[in-house]
Amino acid sequence: ADSLERSIDHTDEFMIIDYEPIASTFVSVPTDLGQLSADAYVSGIIAGVLDGAGFSARVTAHSVKVEEGEYTKQGSNAMPGMPPRKDKAVFLVKFSPEVLSRDAALER
């Protein structure tokens, strides 16, 4: 992942941003399954790790266009022979109310 951001609007949401998601880079989706996202598989892994650590959350994967000038590492870190990516993966993590109440109790 390239960054972790907390939502401004919702305190229970975080976004894990990956500009070069490995799952969707090396998995080709058939045209008849156009809505299938290989990053959804990764979101399940993230949810499982969080749940195993006691942080139950709903994790969803979203493909978002990379804006011009937003990501500049592509030239030096890109895989040889791979075209520059046009999309980034955003994994939206929405924690359950129990996790938030436990966190609030620890702050007291």
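Residues numbered from 1 in each chain as written. Predicted model: local features only at pLDDT ≥ 70, side-chain atom pairs only at ≥ 80, totals over all residues. Heavy atoms only, no water.

(A) Spatial organisation of the overall build of the protein chain. The helix and strand tally for the protein chain stands at four helices and four strands. Sequence-ordered secondary structure for the protein chain, helices as α and strands as β, is β-β-α-α-β-α-β-α. Split into buried and exposed, the 108 residues of the protein chain put 23% on the buried side. Sequence separation of 24 or more characterises 62% of the internal contacts of the protein chain that already satisfy a separation of 6 or more. Looking at the protein chain as shown, the accessible area adds up to about 7,700 Å², and 57% of this sits on carbon and sulfur atoms. (Helix = DSSP H or I, 4+ residues; strand = E, 2+ residues; numbered from the N terminus. Buried < 20%, exposed > 50% of the residue type's maximum accessible area, 1.4 Å probe, protein only. Contact = heavy atoms within 4.5 Å. Areas by Shrake-Rupley, 256 points an atom, 1.4 Å probe, with all protein chains shown as cover.)

(B) A look at the confidence of the model for the protein chain. Looking at the protein chain, the pLDDT average stands at 86 and 87% of residues meet or exceed 70. When mean pLDDT is taken per element in the protein chain, strand S2 (residues 13-18) scores highest with 96 and helix H3 (residues 74-77) scores lowest with 50. (pLDDT = per-residue confidence, 0-100.)

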